[in-house]
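# Close look at the chain arrangement
Here is how the chains run, residue by residue.
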Amino acid sequence: MKPSIYLKFIFAWLIFGLLGFLTIALLSSRLTLNYLITDSANTLYREANLISNQYTQSLSNSQLSTEDVTLKLQALDSFTSSVIWIVNKDGEVIYDSRNSSESTEETAFIIEGFDPTDTGSKNYMIGTFYNSFPQEMLSVLSPINNGFQVVSYVVIHTPYAEIVTRKDELLNIVYITGGILYLLSLIPLIVFTFAVYRPIKKIAAATGEYANGNLDYSIKHTGSDEIGKLADSLNFMASRLSE
């Protein structure tokens with residue numbers, strides 16, 4: 001048995017829903033994550049630039065004191081989940097916001113393989129930052145200059161998992177909105193059922209009766225649209241033929 005036109009519309013509606021879900025799950029998810037990564041990186045980079053510019057204006061030599069570091073990094077108190085480092089060009093972390101109450105000598109450590117150019121054309125990198133963290137971080141770097149020479153870098157890290165969580169929260173809203181719109185798309189299907197499918201089904205039944213010789217069969221349709229006119233024309237044709 002061949003599927004009816006109504007089943008074809010139902011099938012098309014289901015395919016539309018499936019494709020819509022896949023679009024949100026794949027395309028929208030990737031676009032949202034990319035946007036949040038770029039937005040977070042730009043925000044952190046502006047803050048890092050603010051600190052590095054303050055350092056550049058106040059430095060009179062290539063040495064950074066612990067007091068200077070502590071005072072300037074107060075501008076980032078609002079980033080409670082971020083980790084702020086001052087790293088010299090040799091890869092030595094001379095300030096770590098996680099241990100800001102301790103002396104520089106106690107907290108300093110070397111980042112093996114540190115290379116600021118690893119960010120490439122971007123202003124951020126994603127990863128464990130040369131195996132410095134157990135989990136992935138979004139890291140931005142801004143140079144601190146003394147004259148025309150780079151002496152250190154402001155490095156700000158924020159957990160990558162938090163960005164993914166924000167992405168999932170936004171996608172949940174998109175899923176709910178998409179689900180509501182999908183249910184609302186039933187309205188055209190309902191209109192099609194009562195305005196098109198049922199009248200056509202009656203006309204199809206009538207043509208079967210006429211083919212079997214029952215010219216007294218009448219199509220019961222009261223609409224004044226094109227389908228109603230077609231039904232009236234068939235009723236008129238059948239009545240003339242039955243005379």
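First, a word on what this report is: a plain description of the structure on this page. The model shown is predicted, which means the values in this text are computed figures rather than measured ones.

Taken across its 5 residues, strand 2 (residues 92–96) has 4 buried, putting it largely inside the fold. Pairing of strand 1 (residues 83–88) with strand 2 involves 3 bridges; the strand directions are antiparallel. From the neighbouring strand, Trp-85 faces strand 2, where its bridge partner is Asp-96. Counting the residues between successive antiparallel strands, the hairpin from strand 1 to strand 2 contains 3 residues, one of them, Gly-91, with a positive phi of roughly 90°.

What follows concerns the nonpolar core. In terms of nonpolar packing, the biggest core is built from 21 residues, with Ile-37, Ile-86, Val-140, Val-154 and Ile-156 touching the most fellow members. Sorting the residues of this core by element identifies helix 1 (5–58), strand 1, strand 2, strand 5 (137–146), strand 6 (149–159) and helix 4 (160–184) as the ones contributing at least two each. Ranked by residues supplied to this core, first place goes to helix 1 with 8 residues.

Scanning the entire structure with this criterion turns up 1 salt bridge. Ionic pairing is found between Asp-168 and Lys-167, a salt bridge with its closest N-O pair at 3.1 Å. The partly exposed category is assigned to Asp-168, whose relative accessible area is 34%. Accessibility expressed as a relative area gives 11% for Lys-167, which makes it buried.

Before going further, it helps to spend a moment on a positive patch on the surface. A cluster of like positive charges, contributed by Arg-198, Lys-201, Lys-202 and Lys-220, occupies part of the molecular surface. Here Lys-220 is to be found in the loop between helix 5 (186–211) and helix 6 (226–242).

Taken together, the 6 strands give an open sheet; going across it, the order is 3-2-1-6-5-4, and neighbouring strands pair in antiparallel fashion. Single-partner strands in this sheet number two, and they are strand 3 (109–110) and strand 4 (124–127). Contacts between helix 4 and the sheet are confined to strand 4, strand 5 and strand 6, with strand 6 contributing the most and set at about 45° to the helix.

Turning next to helix 5. Under the 1.5 Å per step criterion, the end-to-end length of helix 5 is 35 Å for 26 residues, consistent within 8% with the ideal 38 Å. At Thr-193, helix 5 shows its maximal kink, close to 40°. Every buried residue of helix 5 is accounted for by Leu-189, Phe-192, Thr-193, Tyr-197, Pro-199, Ile-203, Ala-206 and Tyr-210. With its phi angle positive at about 95°, Gly-213 sits one or two positions after the end of helix 5.

Take a nonpolar patch on the surface next. Together, Phe-11, Ile-15, Leu-18, Leu-19, Phe-21, Leu-22, Leu-26, Leu-27 and Leu-31 make up a nonpolar patch on the protein surface, roughly 900 Å² of accessible area in all. Within the element layout of this structure, Leu-18 appears in helix 1. Taking relative accessible area as the criterion, Leu-18 reaches 46% and is therefore assigned partly exposed.

Here we take up unusual backbone geometry. For residues besides glycine, phi is generally negative; the peptide bonds are generally trans as well. A positive phi is found at Tyr-130, a non-glycine position, where the angle reads about 60°. With respect to the helices, strands and loops of the structure, Tyr-130 is situated in the loop between strand 4 and strand 5. By relative accessible area, Tyr-130 is classed as partly exposed at 22%. Positive phi values are uncommon outside glycine, yet Asn-131 reaches one of about 60°. Mapping Asn-131 onto the fold places it in the loop between strand 4 and strand 5. Accessibility expressed as a relative area gives 71% for Asn-131, which makes it exposed.

Reading the values: the criteria
Residues numbered from 1 in each chain as written. Predicted model: local features only at pLDDT ≥ 70, side-chain atom pairs only at ≥ 80, totals over all residues. Heavy atoms only, no water. Buried < 20%, exposed > 50% of the residue type's maximum accessible area, 1.4 Å probe, protein only. Helix = DSSP H or I, 4+ residues; strand = E, 2+ residues; numbered from the N terminus. Pairing = 2+ DSSP bridges. Core = buried A, V, L, I, M, F, W, Y, C linked by side-chain atoms within 4.5 Å. Salt bridge = Lys/Arg side-chain N within 4 Å of Asp/Glu carboxyl O. Patch = residues over 30% accessible without salt bridge, like charges linked within 9 Å, V, L, I, M, F, W, Y side chains within 5 Å. Areas by Shrake-Rupley, 256 points an atom, 1.4 Å probe, with all protein chains shown as cover. Lys, Arg positive; Asp, Glu negative; His and termini not counted. Charge placed at Lys NZ, Arg CZ, Asp CG, Glu CD. Contact = heavy atoms within 4.5 Å. Axes fitted to C-alpha atoms, helices over the stretch in contact; angles between N-to-C directions. Expected span 1.5 Å × (residues − 1). Bend = angle between axes of the 7 residues up to and from the residue.

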